[in-house]
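Architecture at a glance
Each chain is listed here by its residues.
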Amino acid sequence: MTAGDDDMIFSTGAKAFQFVQTGRLSLPGSKEVTITVPDLGYKPMVMFFPKVTSFSANFSQISWAKYNSNSSITLHCETNGISTDGTVTYVVLRLPVG
């Protein structure tokens, strides 16, 4: 018995996990930076992470995204007990928030 690649594919019905935009930003002392993304007709999901250079045993990170519009997102990232290089890597996904 043999099977080809087409026989191995299944569908979950989930939307494709596509990247719309990626980048690395310098995070100012205010801990917030606003990015502009393409208007997809909805507020797209965004994920972002600081570049960690070292951390202690007791560390925390507080991050959130504030949607100013479908195409403007303010990212906030604050760390305690984590050393970073002052940059944040982000990815905007082709998935609506909520």
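Residues numbered from 1 in each chain as written. Predicted model: local features only at pLDDT ≥ 70, side-chain atom pairs only at ≥ 80, totals over all residues. Heavy atoms only, no water.

So, on to the overall build of the protein chain. Across its full length, the protein chain holds 1 helix and 4 strands. Along the protein chain, helices (α) and strands (β) appear in the sequence α-β-β-β-β when read from the amino end. Burial status across the protein chain gives 22% buried among its 98 residues. Restricting the contact set of the protein chain to residue pairs at least 6 apart, pairs at least 24 apart contribute 73%. (Helix = DSSP H or I, 4+ residues; strand = E, 2+ residues; numbered from the N terminus. Buried < 20%, exposed > 50% of the residue type's maximum accessible area, 1.4 Å probe, protein only. Contact = heavy atoms within 4.5 Å.)

The subject of this paragraph is the side chain of T74. By the element assignment, T74 lies in strand β4 (residues 72–96). Note on T74: relative accessible area 8%, which makes it buried. At 2.9 Å, the side chain of T74 and the side chain of N68 are in polar contact. Leave out the neighbours within four places in its chain, and T74 touches E32, V33, T34, W64, A65, K66 and N68. (Polar contact = N/O pair within 3.5 Å; in protein donor to acceptor, adjacent residues only side chain to side chain.)

Examined bridge by bridge, strand β1 (residues 19–26) and β4 share 7 bridges and lie antiparallel to one another. Residue T22 lies in a different strand from β4, and its bridge partner there is V91. Inspection of the sheet shows strand β2 (residues 32–36) paired to β4 by 5 bridges, in the antiparallel sense. Paired with T34 across the two strands is T74, which belongs to β4. Pairing of strand β3 (residues 44–69) with β4 involves 18 bridges; the strand directions are antiparallel. The residue of β4 that forms the bridge with F49 is T89. Taking the residues between adjacent antiparallel strands as the criterion, β3 and β4 are bridged by 2 residues. (Pairing = 2+ DSSP bridges.)

A separate point is the environment of M45. Its place among the elements puts M45 in strand β3. With 22 residues separating them along the chain, M45 and Y67 place their C-alpha atoms 10.0 Å apart. Setting aside residues up to four positions removed in sequence, M45 forms contacts with Y67, V91, V92, L93, L95 and V97.

What follows is about the nonpolar core. One finds V33, I35, V37, V46, F48, I73, L75, C77, V88, Y90 and V92 forming the largest nonpolar core, which totals 11 residues. Breaking this core down by element, the ones donating at least two residues are β2, β3 and β4. When residues of this core are assigned to their parent elements, the largest contribution, 6 residues, is made by β4. When neighbours within four sequence positions are excluded, V37 is seen to be in contact with Q21, P44, N70, S71, I73 and V92. (Core = buried A, V, L, I, M, F, W, Y, C linked by side-chain atoms within 4.5 Å.)

Right, let's talk about a nonpolar patch on the surface for a bit. A cluster of nonpolar side chains, F17, F19, M45, M47, F49 and V97, forms an exposed patch at the surface whose accessible area comes to about 580 Å². No other element matches β3, which puts 3 residues into the nonpolar patch. Note that F49 resides in strand β3. (Patch = residues over 30% accessible without salt bridge, like charges linked within 9 Å, V, L, I, M, F, W, Y side chains within 5 Å. Areas by Shrake-Rupley, 256 points an atom, 1.4 Å probe, with all protein chains shown as cover. Salt bridge = Lys/Arg side-chain N within 4 Å of Asp/Glu carboxyl O.)

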